[in-house]
Amino acid sequence: MEVSNQSSVTEFVLLSLSAHPKLEKTFSVLTLLMYLVILLGNGVLILVTVSDSCLHTPMYFFLGNLFFLGIYYTTSSVPLVMDGFLTPRKTISFSGCAVQMFLSFAMGATECVLLGMMAFDHYVAICNPLRYPVVMSKAAYVPMAASSWVAGGANSLVQISLAV
């Protein structure tokens, strides 16, 4: 009869700056300020691109997606960092870690694909300026952006299923 290890991981201990609690308060304030600047900056940029009709072009549509991605990416990670700084409990559950990894991978992959789509948009604008309105019509660039989100999520799902 073989004896094997039947233990399972339920949570992880986060070792941030636990030896320096005064620095944790300072870093939490700095993190909060940076988070608010990111939210305000990206939110204003999204508002400007949506409200100004001159900016309703594929390039600004992709930039709006990139701004939203920045908000979503920071919102998926900063609250956990703030929780680690402000509470004495320095653990994260296994499922919480998996969700955090999924969101980080998804946002990173989505950003890469979205930047590739933006490069294609610029290529068409520079190399084929007369065909640009036909190639980059709304029927083309909206599915391109949506597919970048789907591709990022699918890539992350594959990576997380292999890691977990």
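This text gives an overview of the structure that appears in the document. Computed from a predicted structure; not experimentally measured.

### Details of the overall build of the protein chain
Here comes step 1: Secondary structure assignment for the protein chain yields five helices and two strands.
Here comes step 2: If you list the helices and strands of the protein chain from N to C, you get β-α-α-β-α-α-α.
Here comes step 3: In summary, the protein chain has a C-alpha radius of gyration of 21 Å against a globular reference of 15 Å for 164 residues, an excess of more than 25%.
Here comes step 4: Considering only intrachain contacts with a sequence separation of at least 6, the fraction spanning at least 24 residues in the protein chain is 80%.
Here comes step 5: On the protein chain, roughly 10,600 Å² of surface is accessible, and the fraction owed to carbon and sulfur atoms is 73%.
Here comes step 6: Within the protein chain, the 7 negative side-chain charges are centred at a point lying 7 Å from the centre of the 6 positive side-chain charges.

### Overview of the packing of helix α3 (residues 94-127) against helix α5 (residues 138-163)
Here comes step 1: Between α3 and α5, the least distance of the axes is 7 Å, while the angle of their chain directions is 145°. Our pair here, α3 against α5, has a crossing hand that is right-handed.
Here comes step 2: In the contact of α3 with α5, the residues fall into 17 nonpolar, eight polar and no charged.

### A closer look at the layout of surface pockets
Here comes step 1: A volume near 240 Å³ is recorded for the largest pocket.
Here comes step 2: Forming the walls of the largest pocket are 13 residues, and the residues nearest its centre are Thr 49, Val 50, His 56, Tyr 60 and Phe 61.
Here comes step 3: Listed by contribution, the elements that provide at least two residues to the lining of the largest pocket are α1 (21-51), α2 (58-86) and α5.
Here comes step 4: With five residues, α2 is the single largest residue contributor to the lining of the largest pocket.

### Some remarks on the environment of Asp 121
Here comes step 1: Along the chain, Asp 121 turns up in helix α3.
Here comes step 2: Owing to a relative accessible area of 2%, Asp 121 belongs among the buried residues under this scheme.
Here comes step 3: Taking the C-alpha atoms as reference points, Asp 121 and Val 135, separated by 14 residues in sequence, lie 9.1 Å from one another.
Here comes step 4: Beyond its immediate chain neighbours, meaning those up to four positions away, Asp 121 contacts Pro 58, Met 59, Phe 62, Tyr 132 and Met 136.

### Observations concerning a nonpolar patch on the surface
Here comes step 1: Judged by side-chain polarity, Leu 23, Phe 27, Val 29, Leu 30, Leu 33 and Met 34 come together as a nonpolar surface patch covering roughly 550 Å² of accessible area.
Here comes step 2: Inspection of the secondary structure assignment puts Leu 33 in helix α1.

### A few points about the nonpolar core
Here comes step 1: Ranked by size, the top nonpolar core spans 10 residues in total: Phe 62, Leu 114, Met 117, Met 118, Val 124, Tyr 132, Met 136, Tyr 141, Met 144 and Ala 145.
Here comes step 2: Secondary structure elements with two or more residues in this core: α3 and α5.
Here comes step 3: Looking at this core, the element that brings in the most residues is α3, giving four residues.
Here comes step 4: Leaving out residues up to four positions away in the same chain, Tyr 132 has contacts with Pro 58, Met 59, Asp 121, Val 124 and Ala 125.

### Some thoughts on the packing of aromatic side chains
Here comes step 1: Enumeration over the complete set of coordinates arrives at six aromatic pairs.
Here comes step 2: Judged by centre distance (6.2 Å) and plane angle (10°), the rings of Phe 68 and Tyr 72 are stacked. Placement of the pair is Phe 68 and Tyr 72 together in helix α2, with a separation of four residues, close to one helical turn.
Here comes step 3: Judged by relative accessible area, which is 34%, Tyr 72 ranks as partly exposed.
Here comes step 4: Chaining the aromatic ring pairs together yields one cluster made of Phe 61, Phe 62 and Tyr 141.

Calculation rules
- Residues numbered from 1 in each chain as written.
- Predicted model: local features only at pLDDT ≥ 70, side-chain atom pairs only at ≥ 80, totals over all residues.
- Heavy atoms only, no water.
- Helix = DSSP H or I, 4+ residues; strand = E, 2+ residues; numbered from the N terminus.
- Rg over C-alpha atoms; globule rule 2.2 N^0.38 Å.
- Contact = heavy atoms within 4.5 Å.
- Areas by Shrake-Rupley, 256 points an atom, 1.4 Å probe, with all protein chains shown as cover.
- Lys, Arg positive; Asp, Glu negative; His and termini not counted.
- Charge placed at Lys NZ, Arg CZ, Asp CG, Glu CD.
- Axes fitted to C-alpha atoms, helices over the stretch in contact; angles between N-to-C directions.
- Left-handed = near helix turned anticlockwise from the far one by under 90°.
- Nonpolar A, V, L, I, M, F, W, Y, C, P; charged D, E, K, R; others polar.
- 1 Å grid on protein atoms, 1.4 Å probe; cavity = no way out; pocket = protein on both sides within 12 Å on 5 of 7 lines; lining within 4 Å.
- Points joined across faces, edges and corners; volume = space filled by probe spheres on them.
- Buried < 20%, exposed > 50% of the residue type's maximum accessible area, 1.4 Å probe, protein only.
- Patch = residues over 30% accessible without salt bridge, like charges linked within 9 Å, V, L, I, M, F, W, Y side chains within 5 Å.
- Salt bridge = Lys/Arg side-chain N within 4 Å of Asp/Glu carboxyl O.
- Core = buried A, V, L, I, M, F, W, Y, C linked by side-chain atoms within 4.5 Å.
- Phe/Tyr/Trp six-rings, centres within 6.5 Å; stacked < 30°, edge-to-face > 60°.

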